[in-house]
Amino acid sequence: MCYKELLKFFGAFITRRKKIFIIGNGFDLNFKLPTSPDNYKKCLESFTVEGSSGSSSALDFFDQYIDDYWSSTEQSLADLDLVSLSADNIVSPDYLSDHESDRDGGIFQMKQLSNDVINARNESLALMVSEADSTYIDTSTINKAAFDNAVIISFNYTTTLERLYDLNKSTVLHIHGCLEDGDCLIFGFKDDGSYSPDGTLVTNTFLSKQLDIEIEQIESNSLLSRDEKDELIESLKDNYDFDDYYIDEQNNALVSLYRQNQKKFQFDKLKSFLKKNIGVNSRVKEIVVLGHSLNDVDSEYFELIEQNIRPKYWKISQYNGSPCLEELKNYSFSKKIRFCKIDKFL
């Protein structure tokens, strides 16, 4: 191979070795933007939730679930107190009334409560992001070329990255959506399958499944005759206490509320992005994580990135010593982790 061919080969190789960044909320906070959970609280005060006892601030509903960190705030939504919500807001149907609304009115009221909660959650998030996107940032000391020729996975809903830096030949994926692009903003807890909202509220759906399981056990018992099976099944059905339809539908609205707070992970979107922008034969020295704690709620994303890229190192920024190696020890790539300061890159 001649000198020119070698130069061309290594030039192409160097071009393929793009920088890879993962951006979290600490990136925005580094620029003093109003994107903390406390800022979210202030936005929640602008919205109301209509319950059986009247209208109240959305903050009153969410306050107990909001923590100092976004990761624990999201995951705390898995602890939504469905039993108390049901007890405080269930409306008993009036069967003596001539008006159907006196029976199904409770269903509409509970659905309204659920809609108000989800709307307040989403609109408050959008309001916070909008305020952050319109906040002035002094760019005089910024290295505008810091993210040139980079592949960037952003967990932020803001356009801070785009408006501060010259992203020449760079590609950005807002994995949980970007407000300015009109995306749905993805937010919520990671469901590990250990909790059943239907079981907690003992909905008719839950009871039906349980009944089917017990009937199947009876049917599969080869020691019983057909008559004995029928008798046991009939007795079993008599012992099941299904809820009134109007009550059950109100609880189903709360089950729906709970499930709407589950995070809708974008694994296929991330795989496609990595394949398109990095490729399977690329050699990646390091992935740089700026402003993300690699919390458990998003852990599957990071493991997926590790499996698809296999970098030599993971370089992760710390704030007040967090995250530390002890907090990240469960990652398959924990031995590859090195720590850095966010200011080094910005």
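Residues numbered from 1 in each chain as written. Predicted model: local features only at pLDDT ≥ 70, side-chain atom pairs only at ≥ 80, totals over all residues. Heavy atoms only, no water.

Participant: Looking at this structure, I do not really get the confidence of the model for the protein chain. What am I missing?
Facilitator: Do not read the fine detail of predicted coordinates wherever pLDDT is low. Taken as a whole, the protein chain shows an average pLDDT of 91; of its residues, 95% reach a score of 70 or greater. The low-confidence segment residues 6-16 (pLDDT under 50) makes 4 contacts with residues lying over four places distant or belonging to another chain. (pLDDT = per-residue confidence, 0-100. Contact = heavy atoms within 4.5 Å.)

Participant: How should the packing of aromatic side chains be read in this particular structure?
Facilitator: Each aromatic ring pair is specified by the distance between its two centres and by the angle formed by the two planes. What the rule picks out here adds up to 25 aromatic pairs. Ring centres 6.1 Å apart and planes at 75° place the aromatic pair F27 and F147 in the edge-to-face group. Remark: F147 occurs in the loop between α7 (101-133) and β4 (150-154) and F27 occurs in helix α2 (residues 25-30); sequence separation between them is 120 residues. You can call F27 buried: its relative accessible area is 1%. The exposure class of F147 is buried, given its relative accessible area of 0%. Taken together, F155, F265, F267, Y301, F302, W314, Y331 and F333 form an aromatic cluster joined through their ring pairs. (Phe/Tyr/Trp six-rings, centres within 6.5 Å; stacked < 30°, edge-to-face > 60°. Helix = DSSP H or I, 4+ residues; strand = E, 2+ residues; numbered from the N terminus. Buried < 20%, exposed > 50% of the residue type's maximum accessible area, 1.4 Å probe, protein only.)

Participant: What exactly am I supposed to notice about helix α3 (residues 37-44) here?
Facilitator: Each turn of an α-helix holds 3.6 residues, which means side chains three or four residues apart point in the same direction. If you check which residues of α3 are buried, you get P37, N39, Y40, C43 and L44. For α3, the angular spread of the buried residues around the axis is 155°, confining them to a single face. Elements that come into contact with the buried residues of α3 comprise β3 (54-57), α4 (58-62), α5 (70-76) and α7. (Arc of directions from axis to C-beta.)

Participant: Before we go on, may I ask you to explain the sheet that holds strand β1 (residues 19-23) in this structure?
Facilitator: Sheets are built from strands paired through backbone hydrogen bonds, the pairs being either parallel or antiparallel. Taken in spatial order, the 6 strands line up as β5-β4-β1-β6-β7-β8 in an open sheet, and their pairing is parallel. Each end of this open sheet is capped by a strand with a single partner; those strands are β5 (171-174) and β8 (337-340). Strand-to-strand twist across the sheet, computed as the mean angle between neighbouring axes with direction ignored, equals 20°. Relative to strand β7 (residues 313-317), strand β6 (residues 286-290) runs parallel, the two sharing 4 bridges. The residue bridging V289 from the neighbouring strand is I316, located in β7. (Pairing = 2+ DSSP bridges. Axes fitted to C-alpha atoms, helices over the stretch in contact; angles between N-to-C directions.)

Participant: What's the story with a negative patch on the surface in this structure? I'm lost.
Facilitator: A cluster of acidic residues, E162, E180, D181 and D183, forms a negative patch on the protein surface. Tracing the chain through its elements places D181 in the loop between β5 and α9 (197-201). (Patch = residues over 30% accessible without salt bridge, like charges linked within 9 Å, V, L, I, M, F, W, Y side chains within 5 Å. Areas by Shrake-Rupley, 256 points an atom, 1.4 Å probe, with all protein chains shown as cover. Salt bridge = Lys/Arg side-chain N within 4 Å of Asp/Glu carboxyl O. Lys, Arg positive; Asp, Glu negative; His and termini not counted. Charge placed at Lys NZ, Arg CZ, Asp CG, Glu CD.)

Participant: Sorry if this is basic, but what is going on with the pattern of salt bridges here?
Facilitator: Side chains that differ in charge, positive against negative, can pair when their charged atoms come close. Scanning the entire structure with this criterion turns up 13 salt bridges. Overlapping salt bridges, with partners in common, bring together E74, K263 and D298 in one network.

Participant: Would you take a moment to explain the side chain of N204 for this structure?
Facilitator: With respect to the secondary-structure elements, N204 resides in helix α10 (residues 204-219). By relative accessible area, which is 15% here, N204 ends up buried. Engagement of the side chain of N204 in a polar contact is seen with the backbone nitrogen of D243, the distance being 2.8 Å. With sequence-adjacent residues up to four places away left out, N204 is seen in contact with F242, D243 and D248. (Polar contact = N/O pair within 3.5 Å; in protein donor to acceptor, adjacent residues only side chain to side chain.)

Participant: Please explain the layout of surface pockets as it appears in this structure.
Facilitator: Empty pockets left among the atoms are what a rolling probe the size of a water molecule brings to light. Of the pockets and cavities examined, the largest pocket occupies roughly 1,300 Å³. Looking at the largest pocket, it is lined by 48 residues, and the ones nearest its centre are G26, Y69, G291, H292 and S293. Sorting the residues of the lining of the largest pocket by element identifies α2, α5 and α7 as the ones contributing at least two each. Counting residues per element, the lining of the largest pocket draws most heavily on α2, at 5 residues. Split by residue class, the lining of the largest pocket holds 17 nonpolar, 20 polar and 11 charged. Every residue lining the second largest pocket is counted, 17 residues in all, and those nearest its centre are F61, L85, D88, N89 and L113. (1 Å grid on protein atoms, 1.4 Å probe; cavity = no way out; pocket = protein on both sides within 12 Å on 5 of 7 lines; lining within 4 Å. Points joined across faces, edges and corners; volume = space filled by probe spheres on them. Nonpolar A, V, L, I, M, F, W, Y, C, P; charged D, E, K, R; others polar.)

Participant: Can you walk me through the packing of helix α13 (residues 267-277) against helix α14 (residues 299-309) in this structure?
Facilitator: The packing of two helices is summarised by the inter-axis angle and the distance between the axes. One can describe the packing of α13 onto α14 by two numbers: an axis separation of 11 Å at closest approach and a directional angle of 30°. Here α13 is positioned roughly parallel relative to α14, judged by the angle of their axes. Note on packing geometry: the crossing formed by α13 with α14 is right-handed. Residues F267, L270, K271 and L274 of α13 lie in contact with α14, whose contacting residues are E300, Y301, L304, I305, N308 and I309. Grouping the amino acids of the contact of α13 with α14 by side-chain chemistry returns 7 nonpolar, 1 polar and 2 charged. (Parallel < 35°, antiparallel > 145°, perpendicular 65-115°, else oblique. Left-handed = near helix turned anticlockwise from the far one by under 90°.)

Participant: What is the right way to read the pairing of β3 from this model?
Facilitator: Within a regular strand, the side chains alternate between the two sheet faces. Relative to β3, strand β2 (residues 48-51) runs antiparallel, the two sharing 4 bridges. Pairing of V49 across the sheet is with S56, part of β3. Where β2 folds back on β3, the antiparallel hairpin that results is connected by 2 residues.

Participant: How do you make sense of the packing of α3 against α7 when you look at a structure like this?
Facilitator: Put simply, α3 and α7 touch, their axes get as near as 8 Å, and they point 120° apart. For α3 against α7, the interelement crossing comes out right-handed. The segment α3 lies against α7, with N39, Y40, C43 and L44 engaging A120, R121, S124, L125, L127, M128 and E131. Residues belonging to the contact of α3 with α7 are distributed by class as follows: 7 nonpolar, 2 polar and 2 charged.

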